[in-house]
Amino acid sequence: MGQSHPPFPSTRSRRRLGGIRRWVTAAAGALALTGGLIAASPPASAAGLTQVTGFGTNPGNLSMYAYAPEALPADAPLVIALHGCTQSASDYYAHSGWPKFADTYGFALVFPQTSSANNANSCFNWFEPGDSARGQGEALSIKQMVDKAVSLYGSDTRRVHITGLSAGGAMTANMLAAYPDVFAGGAIASGLPARCANSMAAAYTCMYSPPDRSPAQWGDLVRSAAPAGTTSWPRVAIWQGTADTTVKPANATELRDQWTNVLGIGQTPSRTESLGAGTTRSVYDDASGRPAVEVYSVSGMGHGLAVDPGDGPEQCGSTGTYYLDTVCSSYHTARFWGLDVNGAGSLPAPTGLTVTGTTDTTVSLSWKAVDGAASYVVHRGGTKVGTTTSTSYTDTGLATGTTYTYTAAAVDTAGGAGVVSSPATVTTTGFTPTCHTAGNYDHTVAGRAYQSGGHTYAKGSGQAMGLWNTSTTRTLKQTAPAYYVIADSGCPA
């Protein structure tokens, strides 16, 4: 997996083309990190993708492209997907995997597109206050696209979500801050905290060495960007490769601090799970036990969007420049947002979801019957794990001493899954110690340690591990849930 593109800033050129800053040489030097392999994107006219015009005053000078499955029902969700630098709407449509899940789960897609007239590298201008604030520039153009799509497709305004890669991810964070009344959820891939930068110089600082602000300071930036009196906030997924040298992984930590603070929850994960392919998901539940923030750390992945080509239900996308073969981020993001379970059916949520028994490797559940249900689907951590015609289910093959969250939904006779139930959280019995050797920075990103004052401490035991950086390597042994000790001298699991 090679280094991907940076979200290179460039001053606005649409109004004063003759006034563009000539920083192309510097950008080209940074782009050389990719070995010069900057793929030319096809024009945004790929099969299935349609340009939409007349979507508003469009002060940001953007283009709107959309995709909607055939026979899309009314009140279906809507997803806005923002490409990265040097990319286009059709490039993101072709590689990201989002069209597959639009077809599978039933929702419409909008792909905003910027151009070199706005930014020399076709980046969204996430660092320009006049483009990223509510009611201004590109941000307002994207909001107008939402309004147009709702009108065209009859989308459910309660289920509008936004995602983006790199500069698109940074713009996604700003859109979530500026329009929390529009978006139910967001996903930021290789992006930056909302309002991290308000100038080109500050943008580079954020990319390579983000400010180490407190969670409250980051949260205040979001609250000051939102309408006064906002009390309801979007759920946020954060995707980051540990080998990203363009948008440093520290940005994922600052993003987590920002959005957990905004949502009123702590910075310690409720649970941490492995998704395979070196990907760790850290889940931060709200007071009701519902996942509110999820951080996906992809070990060894550089700068780009995580995809997993193939025909499997959890696979998606295709590889290319800035599209890296690991796991399907679009699949997991769609599940996190609940797009897979609450769109097609009309049945109410099952009530009384209860854990009836646990062992080292199993969890047994039961719930009350729903009138009209032909069957029920059970999800673990947002992923479907089983179907049953009864009102009970036993999940098997689980890890010992591990916390899991379950939900259930009733399926009608037409095969549509209804509203998902309230979650039930349970921890399997027993505990299997595990050993982890990594840099102090990576330990922190993975949730095994925390940093304070530039130093790193093992989670649970609080043992001092040294400086918070990537060059100090330590071995930690997990001896209990959320409890780690230093084990540099040897760590038999």
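Caption draft 1: Structural context of the sheet that holds strand S2 (residues 63–67). With mixed pairing, ten strands are arranged side by side in an open sheet as S1-S2-S4-S3-S5-S6-S7-S10-S9-S8. Two strands lie at the open edges of the sheet, namely strand S1 (50–52) and strand S8 (271–276), each paired on one side alone. Neighbour-to-neighbour, the strand axes of the sheet open up by a mean angle of 20°, direction not taken into account. Across three bridges, strand S3 (residues 78–82) lies against strand S4 (residues 108–113) in parallel orientation. Its bridge partner lying in S4, Val-79 is registered against Leu-109.

Caption draft 2: Region of the structure containing the sheet that holds strand S21 (residues 449–452). With respect to topology, three strands assemble into an open sheet ordered S21-S22-S23, the strand pairing being antiparallel. Of all the strands in the sheet, the pair left with one neighbour each is S21 and strand S23 (464–467). Ignoring strand direction, the axes of neighbouring strands in this sheet form an average angle of 25°. As defined by bridge partners, S21 adjoins strand S22 (residues 455–458) across four bridges and the pair is classed as antiparallel. Looking across to S22, one finds that Tyr-450 is bridged to Tyr-457.

Caption draft 3: Local environment of the pairing of strand S10 (residues 291–298). With eight of eight residues buried, S10 lies mostly within the body of the structure. Pairing analysis gives six bridges linking strand S7 (residues 235–241) to S10, with the strands arranged parallel. By the bridge assignment for S10, Ile-238 is matched with Val-295. Adjacent in sequence and paired antiparallel, strand S9 (residues 279–285) and S10 are bridged by five residues, among which Gly-289 carries a positive phi angle near 90°.

Caption draft 4: Layout of the pairing of S2. Most of S2 sits inside the fold, with four of its five residues counted as buried. Across three bridges, the pairing between S1 and S2 is antiparallel. Looking at the pairing, Gln-51 lines up with Tyr-65 of S2.

Caption draft 5: Expanded view of the nonpolar core. Formed by 59 residues in total, the largest nonpolar core has its most connected members in Ile-80, Trp-126, Phe-183 and Trp-259. A per-element tally of this core places helix H6 (residues 167–178) first, with eight residues. In this structure, Trp-259 is in contact with Ala-173, Leu-176, Ala-177, Ile-188, Ala-194, Val-222, Pro-234, Val-236 and Val-293, ignoring residues within four places of it in sequence. The next biggest cluster of nonpolar side chains, apart from the first, holds 37 residues, and it includes Tyr-67, Trp-98, Tyr-105 and Ala-334.

Calculation rules
Residues numbered from 1 in each chain as written. Predicted model: local features only at pLDDT ≥ 70, side-chain atom pairs only at ≥ 80, totals over all residues. Heavy atoms only, no water. Pairing = 2+ DSSP bridges. Helix = DSSP H or I, 4+ residues; strand = E, 2+ residues; numbered from the N terminus. Axes fitted to C-alpha atoms, helices over the stretch in contact; angles between N-to-C directions. Buried < 20%, exposed > 50% of the residue type's maximum accessible area, 1.4 Å probe, protein only. Core = buried A, V, L, I, M, F, W, Y, C linked by side-chain atoms within 4.5 Å. Contact = heavy atoms within 4.5 Å.

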